[in-house]
Amino acid sequence: MMMKKKSISASEAFLVFFLCQMISALDVPLDLSQPPTITQQSPKDYIVDPRENIVIQCEAKGKPPPSFSWTRNGTHFDIDKDAQVTMKPNSGTLVVNIMNGVKAEAYEGVYQCTARNERGAAITNNIVIRPSRSPLWTKEKLEPNHVREGDSLVLHCRPPVGLPPPIIFWMDNAFQRLPQSERVSQGLNGDLYFSNVQPEDTREDYICYARFNHTQTIQQKQPISVKVFSMDSLNDTIAANLSDTDIYGAKPVTERPPVLLTPTGSTSNKVELRGNVLLLECIAAGLPTPVIRWIKEGGELPANRTFFENYKKTLKIIDVSEADSGNYKCIARNILGSTHHVISVTVKAAPYWITPPRNLVLSPGEDGTLICRANGNPKPSISWLTNGVPIAIAPEDPSRKVDGDTIIFTAVQERSSAVYQCNASNEYGYLLANAFVNVLAEPPRILTPANKLYQVIADSPALIDCAYFGSPKPEIEWFKGVKGSILRGNGYVFHDNGTLEIPVAQKDSTGTYTCVARNKLGKTQNEVQLEVKDPTMIIKQPEYKVIQRSAQASFECAIKHDPTLIPTVIWLKDNGELPDDERFLVGKDNLTIMNVTDKDDGTYTCIVNTSLDSVSASAVLTVVAAPPTPAIIYARPNPPLDLELTGQLERSIELSWVPGEENNSPIKNFVIEYEDGLHEPGVWHYQTEVPGSQTTVQLKLSPYVNYSFRVIAVNEIGRSQPSEPSEQYLTKSANPDENPSNVQGIGSEPDNLVITWESLKGFQSNGPGLQYKVSWRQKDVDDEWTSVVVANVSKYIVSGTPTFVPYEIKVQALNDLGYAPEPSEVIGHSGEDLPMVAPGNVQVQVINSTLAKVHWDPVPLKSIRGHLQGYKVYYWKVQSLSRRSKRHVEKKILTFRGNKTFGMLPGLEPYSSYKLNVRVVNGKGEGPASPDKVFKTPEGVPSSPSFLKITNPTLDSLTLEWGSPTHPNGVLTSYILKFQPINNTHELGPLVEIRIPANESTLILKNLNYSTRYKFYFNAQTSVGSGSQITEEAVTIMDEAMASRQVDIATQGWFIGLMCAVALLILILLIVCFIRRNKGGKYPVKEKEDAHADPEIQPMKEDDGTFGEYRSLESDAEDHKPLKKGSRTPSDRTVKKEDSDDSLVDYGEGVNGQFNEDGSFIGQYSGKKEKEPAEGNESSEAPSPVNAMNSFV
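All of these numbers come straight from a predicted model, not from anything done at the bench.

1. Examining the overall build of the protein chain
Each helix and strand counted, the protein chain has eight helices and 86 strands in total. Counting across all 1193 residues of the protein chain, residues that qualify as buried make up 40%. Contacts spanning at least 24 positions in sequence make up 65% of the contacts within the protein chain whose residues lie at least 6 apart. Put simply, the protein chain shows about 65200 Å² of open surface, and 51% of that area lies on carbon and sulfur atoms.

2. Describing the sheet that holds strand S35 (residues 400–403)
With antiparallel pairing, three strands are arranged side by side in an open sheet as S31-S36-S35. Strands with a single pairing partner mark the edges of an open sheet, and in this sheet they are strand S31 (368–371) and S35. Taken over all neighbouring pairs, the strand axes of this sheet differ in orientation by 20° on average, direction set aside. Alignment of S35 against strand S36 (residues 406–409), held across four bridges, turns out to be antiparallel. Across the sheet, aspartate 403 pairs through a bridge with threonine 406, a residue of S36.

3. Focus: the side chain of arginine 710
Position of arginine 710 among the secondary structure elements: in strand S63 (residues 706–714). Residue classification places arginine 710 among the buried residues on the basis of a relative accessible area of 18%. Polar side-chain contacts of arginine 710 include one of 2.8 Å to the side chain of glutamate 673.

4. Looking at the confidence of the model for the protein chain
Overall, the prediction assigns the protein chain a mean pLDDT of 84, with 84% of residues at 70 or greater. Throughout residues 1–25 the model reports pLDDT below 50, and contacts reaching past four residues in sequence, or to other chains, amount to 54 contacts. Across residues 1081–1193 the pLDDT falls below 50, and counting only partners more than four positions away or on other chains, this stretch makes 100 contacts in the model.

5. Structural notes on the state of the cysteines
The final tally for this structure, using the stated rule, is six disulfides. The partner cysteine of cysteine 466 in its disulfide is cysteine 515, sulfur to sulfur 1.8 Å. Because the sign of the S-S torsion sets the handedness, a value of about -60° for the bond joining cysteine 466 and cysteine 515 places this disulfide among the left-handed ones. One end of the pair, cysteine 466, is in the loop between strand S41 (462–464) and strand S42 (468–471); the other, cysteine 515, is in strand S46 (residues 511–519), and 49 residues separate them in sequence. Each member of the pair cysteine 466 and cysteine 515 is classed as buried. Of note for the protein chain: the bonded cysteines, numbered N- to C-terminal, pair according to 1-2, 3-4, 5-6, 7-8, 9-10, 11-12.

6. Things to note about the nonpolar core
In terms of nonpolar packing, the biggest core is built from 29 residues, with Ile54, Ile56 and Trp70 touching the most fellow members. Broken down by secondary-structure element, the contributors of at least two residues to this core are strand S4 (54–56), strand S5 (58–63), strand S6 (67–72), strand S9 (94–96), strand S10 (109–117) and strand S12 (127–131). The element contributing the most residues to this core is S10, with three residues. Once residues lying within four places of it in the same chain are set aside, the contact partners of isoleucine 54 are Val48, Leu94, Val95, Val96, Ala104, Tyr107 and Ile129.

The rules behind the values
Residues numbered from 1 in each chain as written. Predicted model: local features only at pLDDT ≥ 70, side-chain atom pairs only at ≥ 80, totals over all residues. Heavy atoms only, no water. Helix = DSSP H or I, 4+ residues; strand = E, 2+ residues; numbered from the N terminus. Buried < 20%, exposed > 50% of the residue type's maximum accessible area, 1.4 Å probe, protein only. Contact = heavy atoms within 4.5 Å. Areas by Shrake-Rupley, 256 points an atom, 1.4 Å probe, with all protein chains shown as cover. Pairing = 2+ DSSP bridges. Axes fitted to C-alpha atoms, helices over the stretch in contact; angles between N-to-C directions. Polar contact = N/O pair within 3.5 Å; in protein donor to acceptor, adjacent residues only side chain to side chain. pLDDT = per-residue confidence, 0-100. Disulfide = S-S within 2.5 Å. Core = buried A, V, L, I, M, F, W, Y, C linked by side-chain atoms within 4.5 Å.

So this is what it looks like as structure tokens:
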């Protein structure tokens, strides 16, 4: 199961829009006066179809709308005098009608359009109009090509010169492309190259075609005939014409070392322009077919931009730059040797922009500059025009001064409005850019629609737009909420075009954001809305399935998404649509495939899209056959039999064998292994493999090897056991065919060069007495090669070398029979030493209070004395500017890899003094440090105050004490104290704000409410803004008189005695009631009734045992039960508030509110926090002494 998530969120889509908007952030609204701006024009080199009307585009905007005029070949082009030419309405675009027999060639030339209004004139590039051409092939007589098998051959195409150049390809009479390979391929010039011809190359219809895309035509060359004579046919021909006594026979096909067909010679040169595609080509002849390899001398081929085409015969490097200049070597190699060619590449550059001029909007009296910087090779020249006229002959403007590539404007006025053109040119081309200066006085306006809604996914960037215009340029501020404070800090990024970026939007980022634009002419604001949504997730993903044919497969895709977003689920098969088949059933959160077949095999992907993001998950379905009945036993094949060697030659031999039993699984291929009984007896090596239908193979051999072969069969189940070894075959000795690989030269000390290589393996020696000839000489110095012959080693150390200089190195193998082919050279370097000098011109640019950027000049390569590893920046804090106290210096180190000349220093402390130095680093270590550079960080917002204590509570005042921030991060300007009351239900009252001077550390707050809880918010401020706040709570005390009265009464002796008497009286009453109840109604009336009772006449009530006419006091008590002990609830179930029900509880704070000995509330005199009404006959809490006293008053 595979899962991937891609968030095509609004933030990403919006980012593209935002980047585009950055370019046009100062665009003047079209309802304001402005000079013309070219919005569309035809390309500089405009090749047109001669069969269609010619359309030369020129569109512009401006206020007033511009008028248009044209020049042709440098002179005014009067459109009204040419009936074939018309200009589109409200446009400068020309249409040339060539449908009336007029030839397109009549309108070849250089055209330029001018758009003009009262504020200036803009011009287009010079547009060169040329009709495309697709000429026919010239007539020529082509002779048949008779070639001997194994020779090389080149079939020339030589297409006609067209405009643009044609695309070349080779086909036969049946319009089928001719097959190409490492042996046969088409060159960049269109010719067809054969490294060596084979009998199957014989044919009479080699046809070169040229396709002219612009005119959609194809031209065909006459067919070319090729006849290849094989050695067998030559021998048969000779035998038929000679007697038996003649000696006849053509020479067999001989193997040949590589020879380059193109390019010729050993070196060549090529010039390419920066940004283009560099194509280098090497095609070689030889038998066997040579293999091509490419290297760059003294460097590496550029990663990610290098591609090999045409079977590695073509080296392609895209987007070339000056750094790609150098020598590129192609090496063609086969088993008989190698050859090479060096192409010296020089990259030139047509002009390209470094800083193109930008439109400049100024208000009267303002200053400004137009900058036009370009680079190229050679360096381009810069020239200025104003309103299409060279600035040297343009009308004078006292506010304008030209300084090379910059125009400086001072105290501009409305008449200074114009369009300026910058032209940068060298021998390879030119650049032309228009930029206007528009002098306006306009109050701010916000172009973003009001209440625009932005929606993003949580944890992704949010970009909130505030497109604006004004002159002078307005300042932009952002607020969150209707009455929110201005947004600052690391959580936001403020872009020059007004856009507010929240790098990681969270759910609490949702809300209203207000953008305020102001300049000296006015102020305006706009509100927009931001909604942050939950991301879409696949909570149950499809899983890998193995399903038998005709069964059912089901994939799940359960999702979770933001409830306000509507998801859509799409299923794909192998990244395409599902088959249009009723067997595929798509449910709400699953995909079911009925009656599975083999074609259903593949990868199924569930894609969930919302308007803001997209996620996907994939799983593979594998369809297998149902197990057969009875089951067939599959097994590995048996080993091959009867190995036989035939056709023994010095460098090749034929091996044949008989396959073993397949065991119900066809043999896919045979693996051939060999043993070298001379060098590595008992060790088997891979030689080659052939398809399972083949039982013979021609094997290439190396000299001086005692060969044995064995064969292994392979089927779906696995590999067979190896066959029995073949008979042995010993090849003759020969010179080595190859040289050691991985040759390197790296110094271990400043005065040596260590040359290493990978030794040849035993069978690569081709004979006894293997040795190595090690040669070296200093590069770019006219020195002779120094050589030494060594054996049984793979390293040689050259002593006494200069420090870190390049050497040319080669290592050649030799044995008792002679030398290997001439080896290729590699570049190495002698040992490194520590760098000699420090980076110069170290400059520091402070970005903000915690970030700085350091620049330095690179150290010259000669002074580095080694491979440049990078630069290290050492920096440390000297002191805090606010405390003026030094501390232990802790140096920090940042390493910048490669040849970087700048770096960022994060994590700095605000309002501090720092020092830094820079050192260059090579493979040996660090160089000397640059002189220490001192820089200072600006102020930041302070940390929270170190503490806040609230003491000395009184009826209407509290005393506040605080400590200054641990990290002031600047000069403290003030403290901000905010406080508000909190009632018993924890609701907050109105907020009061007080600003306190920075030198204060205590404050007495007066005129507060007594017995009230307050919440305090306290923070410090610098000139940058407010720091984080600290909070505390405190309570003012009660009215001291009431507290003392309650305490005095409660502690008097008479009060304590009274309370004891009341308690005793209540206890006696309760005892009496309890006794009388237990007597069962024994009172006088009851006794008299009992004395005169007639049980037969007076019936007894069944429910309570009393007589029907009379009821006892006990019976009455059932209807009028007295209140339980401590209850104040009367019999009518209502709660009556007593007149003197004043309790100290009403003045307390919370359940456990207390007065201490200084007059504050204590628990022993408190009741409940709140009075609660008693219900029914339930008992209430026993009254406190104070409440009891109030009840008796």
